[in-house]
Amino acid sequence: MIALLSGRGHRSRLQAARKRADRAVADLVHRLVLLARALPIPERLRRRLSSLVLWRPGTERVPLARVLLGGQNGLDADVFAHATDDLLWPSRHVSDGPHVTLLRAAADHELSDAEILASPYADLARTCIEASGQYFGATDDAGILALARDFVARDGSTSSGAAPGATRPHQSDPGAPVLLAPIKDSDCYQVVDGHHRLAADVVAGRSSVDARVRRVPVVTPLQDVLDRMSWIGGTHELYQPVSAPELDRSWTTVRQCTDRLQAMDRLLGTLGIEPEVSSYLDVASCYGWFLSSMQARGFAVQGVERDPLGATLGEAVYGLDRSHVHTGDAVDFLGERADRGERFDVVSCFSLLHHFALGRASTDAVGLMRLLDDVTGRVLFLDTGQAHESWFRSSLPEWDTDYVRSFLEEHGTFDRVVDLGPDRDAVGPYADNYGRHLFACIRER
């Protein structure tokens, strides 16, 4: 996305300063750990010093509902997520993980070897073997089967404070507590060590666990990507809905999107456009929420987004095929399609036109509108920044609702332009912004 606010430079500097501070703290902890490892002291004392640096004293009672999956087989959670191309692995509750799935299946009936080897737990084990050569000592399906049966054989009464028979590589010592790391800007925790013990707790119906907690919080891969793609520097804001437990407390969904989608659905229904035989293009598709929603309705979808992380998020969060999200400049993309005479039945362009009106792009607002007109077959849905918003009162004073309508009528070749009403995003800290009208530019058959 193009930056939305003229004050973005100040916010970007704040964001950069915050990230530098976070890195400085992490680097300091890392240096202290390396120093402790390098000291010519006995191993037991070295571990004690590392423990004092990294971990809060004693144990803490942590709700199991706030514990998310973490690192595997000696790999940190973010390393494991990227190695397996599963960005959302550390954004899932432990209760939804493969360890719990296996125990619950075993509680339901006696599992065959084939069922165990077809389970998500076996898939996890194979992934770890591929990434690091072994999984708790298992290196093939026979080892995975033995490991899984050993895990299932525990009666489920084993609390997280014990790990009987801890003799395998990367397996904790008997009696060792579960290790958790707080997740930054969240009330969730990431597992550092103890997935199997936590799974037994979940299946046993326990609601909390006594755990050792790291001093320094971690950032999940999803948080990191969203932060790097954030459409306003320095704040935790979502431009489209993203559901993940670590985002619940501190990330605000600024634009709900569902209101605009409902208006689009109503209009498309009256026009008799059949999704199963129609195409849809979203210009400046951001994370891909509208692409995902329209694809679920049956449309063949494509999007164009300047930020390359848009395709990453679309795949991870909404299950979009990366090939459906083109990374690049919207003007270039639209120009190429127009030159080929390519048209899409339905096109959307949200919160982009005002950047062109403000002179922030390679063409002006009229140029963008003509390109959108060229590639639209039946309907163009469009909203833009308007004069009533505090962000644009001085920079776009003439762009009120009537002006936007007349602009679309003048510079498009559509048969009619329909005002579908304002969005419902002008609430809370944004009460003086948004409330942008959604317009539908329609070609009759």
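Overview of the structure. Predicted model only: the values in this text are computed from it and were never measured.

The next thing to look at is the overall build of the chain. Within the chain one finds 16 helices and 14 strands. When burial is assessed residue by residue, the chain has 50% of its 445 residues classed as buried. Restricting to contacts in the chain with at least 6 residues of sequence separation, those with at least 24 account for 68%. Carbon together with sulfur atoms contributes 51% to the accessible area of the chain, which is approximately 19,600 Å² in total.

The subject of this paragraph is the nonpolar core. By size, the foremost hydrophobic cluster in this structure holds 42 residues, and its most contacted members are Leu222, Tyr280, Tyr287, Met294, Val379 and Phe381. If you list the elements that add at least two residues to this core, you get α9 (221–229), α10 (258–271), α11 (289–296), α12 (309–318), β11 (344–350), β12 (376–383) and β14 (437–442). A per-element tally of this core places α10 first, with 6 residues. What valine 379 contacts, discounting residues up to four positions off in sequence, is Leu267, Leu268, Leu271, Ile273, Asp345, Val346, Val347, Ala440, Cys441 and Ile442.

This brings us to the layout of surface pockets. Volume-wise, the second largest pocket comes out at about 160 Å³. Lining the second largest pocket we find Ala81, His82, Asp85, Asp86, Leu87, Leu88, Arg92, Thr312, Glu315, Ala316 and Arg322. Mapped by element, the contributors of at least two residues to the lining of the second largest pocket are α3 (77–83) and α12. Looking at the lining of the second largest pocket element by element, the count peaks at 3 residues for α12. Per-class residue counts for the lining of the second largest pocket are 4 nonpolar, 2 polar and 5 charged.

Moving on: the sheet that holds strand β3 (residues 178–182). A sheet is described by the order of its strands in space; here 5 strands give the open sequence β1-β5-β3-β4-β2, paired in mixed fashion. The sheet is open, and its two borders are formed by β1 (60–63) and β2 (67–68), each paired with just one other strand. As defined by bridge partners, β3 adjoins strand β5 (residues 208–213) across 3 bridges and the pair is classed as parallel. By the bridge assignment, leucine 179 is partnered in β5 with arginine 212. Relative to strand β4 (residues 189–193), helix α8 (residues 195–203) is tilted by about 125°, and along the sheet it contacts β2, β3, β4 and β5.

Attention now moves to the environment of leucine 309. In this fold, leucine 309 is placed in helix α12. For leucine 309, a relative accessible area of 14% puts it in the buried group. Along the chain, leucine 309 and methionine 229 lie 80 residues apart, while their C-alpha atoms are 6.6 Å from each other. Filtering out sequence-adjacent residues up to four positions away, leucine 309 remains in contact with Val225, Arg228 and Met229.

Scanning the entire structure with this criterion turns up 23 salt bridges. Salt-bridge contacts for aspartate 383 lead to arginine 255; the nearest nitrogen and oxygen are separated by 3.3 Å. Of the two residues, aspartate 383 sits in strand β12 while arginine 255 sits in the loop between β7 (252–253) and α10, which places them 128 residues apart along the sequence. Taken individually, aspartate 383 and arginine 255 each receive the classification buried, so the pair is uniform in this respect. The closest approach of N and O atoms between arginine 322 and glutamate 315, which form a salt bridge, is 2.8 Å. A relative accessible area of 36% places arginine 322 in the partly exposed class. On the basis of relative accessibility, which here comes to 30%, the residue glutamate 315 falls in the partly exposed class. When salt bridges with common partners are traced through the structure, they connect Arg255, Arg260, Asp383, Asp423 and Asp425 into a single cluster.

Let us look at α8. Side chains of residues three or four places apart in an α-helix project in the same direction, reflecting 3.6 residues per turn. Within α8, 8 of the 9 residues are buried, which leaves the element mostly enclosed by the surrounding structure. Regarding α8, the residues found buried are His195, His196, Arg197, Leu198, Ala199, Ala200, Asp201 and Val202.

Along the chain, the position of phenylalanine 80 falls in helix α3. Of the residues examined, phenylalanine 80 reaches a relative accessible area of 2% and is grouped as buried. A sequence separation of 51 residues divides phenylalanine 80 from alanine 131, and the C-alpha atoms of the two residues are 8.3 Å apart. Once residues lying within four places of it in the same chain are set aside, the contact partners of phenylalanine 80 are Gln72, Leu75, Trp89, Leu124, Thr127 and Cys128.

The rules behind the values
Residues numbered from 1 in each chain as written. Predicted model: local features only at pLDDT ≥ 70, side-chain atom pairs only at ≥ 80, totals over all residues. Heavy atoms only, no water. Helix = DSSP H or I, 4+ residues; strand = E, 2+ residues; numbered from the N terminus. Buried < 20%, exposed > 50% of the residue type's maximum accessible area, 1.4 Å probe, protein only. Contact = heavy atoms within 4.5 Å. Areas by Shrake-Rupley, 256 points an atom, 1.4 Å probe, with all protein chains shown as cover. Core = buried A, V, L, I, M, F, W, Y, C linked by side-chain atoms within 4.5 Å. 1 Å grid on protein atoms, 1.4 Å probe; cavity = no way out; pocket = protein on both sides within 12 Å on 5 of 7 lines; lining within 4 Å. Points joined across faces, edges and corners; volume = space filled by probe spheres on them. Nonpolar A, V, L, I, M, F, W, Y, C, P; charged D, E, K, R; others polar. Pairing = 2+ DSSP bridges. Axes fitted to C-alpha atoms, helices over the stretch in contact; angles between N-to-C directions. Salt bridge = Lys/Arg side-chain N within 4 Å of Asp/Glu carboxyl O.

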